[in-house]
Amino acid sequence: MNTKKMLVELAKLLDSLNLHPKFYEEFAALLKKDIKGKEAALFKQLTTQLNNIKNMGKDVYKADSNEILKGADGHYLSIHLQGAQFNVRLLVYIDDYDIPYFLCAFNEKQGKRSTDYSAYTLVMKERIKFFLDN
């Protein structure tokens, strides 16, 4: 599956979800650069994780290697999509009604502090305001 087809399918899949505009831009950039040629593997994992979020809500941290982000209020989670040559993190806010808000997407590189989720702490807290302050 090429990047263009992946983005079309992804748009259909995510159409009913709450995506921050920057999330979509970041995810598209990952597909074009870091994930190029690995779209099918990523898409399979993404589909699984979206179903996990739908079925488990805030408890999605119990599945796979997802986690509640430390130092946040318990609503921020890191959804993990990992393959042989990628380690994508989706930072999501899930409210008390299990409604997910997709805030950030990045490829976490081993040993690179600049690409771990701590660099996104302020960004995700700012981006949730896009949804909750309206």
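Before reading on, note that the structure itself is shown above.
The structure presented is a predicted model; accordingly, all values stated were derived computationally and were not measured.

Participant: What should I look at first to understand the nonpolar core in this one?
Facilitator: Across soluble globular proteins, you tend to see nonpolar side chains buried next to one another. Counting residues in each nonpolar core, the largest one holds 23 residues, and the members touching the most others are F23, F27, I35, L42, I53, V88 and L90. Of all the secondary-structure elements, those providing two or more residues to this core are helix 1 (3–14), helix 2 (21–32), helix 3 (39–56), strand 3 (76–83), strand 4 (86–94) and strand 5 (100–107). When residues no more than four places from it in sequence are discounted, the contact partners of F23 are L14, L90, F102, L103, C104, A105 and R127. Counting 13 residues, the second-largest nonpolar core is a separate cluster that includes Y76, L91, I128 and F131.

Participant: Can you help me understand the environment of L7 in this one?
Facilitator: By the element assignment, L7 lies in helix 1. For the pair L7 and N87, spaced 80 residues apart in sequence, the C-alpha to C-alpha distance is 19 Å. Apart from the residues lying within four places of it in its own chain, the contact partners of L7 are Y24, A28, L31 and K32.

Participant: Before we go on, may I ask you to explain the packing of aromatic side chains in this structure?
Facilitator: Each aromatic ring pair is described using two quantities: the centre-to-centre distance and the angle formed by the ring planes. Tallied over the entire structure, the rule returns seven aromatic pairs. With a centroid separation of 5.0 Å and an interplanar angle of 75°, the aromatic rings of Y76 and Y93 are classed as edge-to-face. Here Y76 is found in strand 3, whereas its partner Y93 is found in strand 4, with 17 residues between them in sequence.

Participant: What is the right way to read the pairing of strand 4 from this model?
Facilitator: Residues in a regular strand project their side chains so that they alternate between the two faces of the sheet. Burial within strand 4 is extensive, with nine of its nine residues counted as buried. Burial of strand 4 is two-sided: the residues F86, V88, L90, V92 and I94 facing one way and the residues N87, R89, L91 and Y93 facing the other way are all buried. Here eight bridges tie strand 3 to strand 4, and the two strands are oriented antiparallel to one another. Across the sheet, residue G83 finds its bridge partner in strand 4, namely F86. Counting the residues that bridge the hairpin from strand 3 to strand 4 gives two residues. Of the strand pairs in this sheet, strand 4 and strand 5 are connected by seven bridges, and their pairing is antiparallel. If you follow L91 over to strand 5, its bridge partner there is C104. Connecting strand 4 to the antiparallel partner strand 5 that follows it, the hairpin turn spans five residues, and D98 within it adopts a positive phi of roughly 65°.

Criteria and cut-off values
- Residue numbering note: each chain is counted from 1, following its sequence as written.
- Owing to the predicted nature of the model, reporting of local features is limited to residues with pLDDT of at least 70; listing and counting of side-chain atom pairs is limited to 80 or more, with chain, interface and lining totals taken over all residues.
- The side-chain quantities take in all heavy atoms of the structure and omit both hydrogens and water.
- Put simply, buried Ala, Val, Leu, Ile, Met, Phe, Trp, Tyr and Cys residues joined by side-chain atoms within 4.5 Å make one nonpolar core.
- Only protein chains enter the accessibility calculation, which uses a 1.4 Å probe; a residue is then buried when its area is under 20% of its type maximum, exposed when over 50%, and partly exposed in between.
- Each helix is a run of H or I in the DSSP string that is no shorter than four residues. Each strand is a run of E no shorter than two, and both are numbered from the N terminus.
- Contacts between residues were defined by any pair of non-hydrogen atoms, one from each residue, lying within 4.5 Å.
- To pair, rings of Phe, Tyr and Trp, with the six-membered ring standing in for Trp, must have centres within 6.5 Å; the planes then decide the type, stacked if under 30 degrees apart, edge-to-face if over 60, and tilted in the middle.
- Strands were regarded as paired on the criterion that DSSP finds at least two bridges between them.

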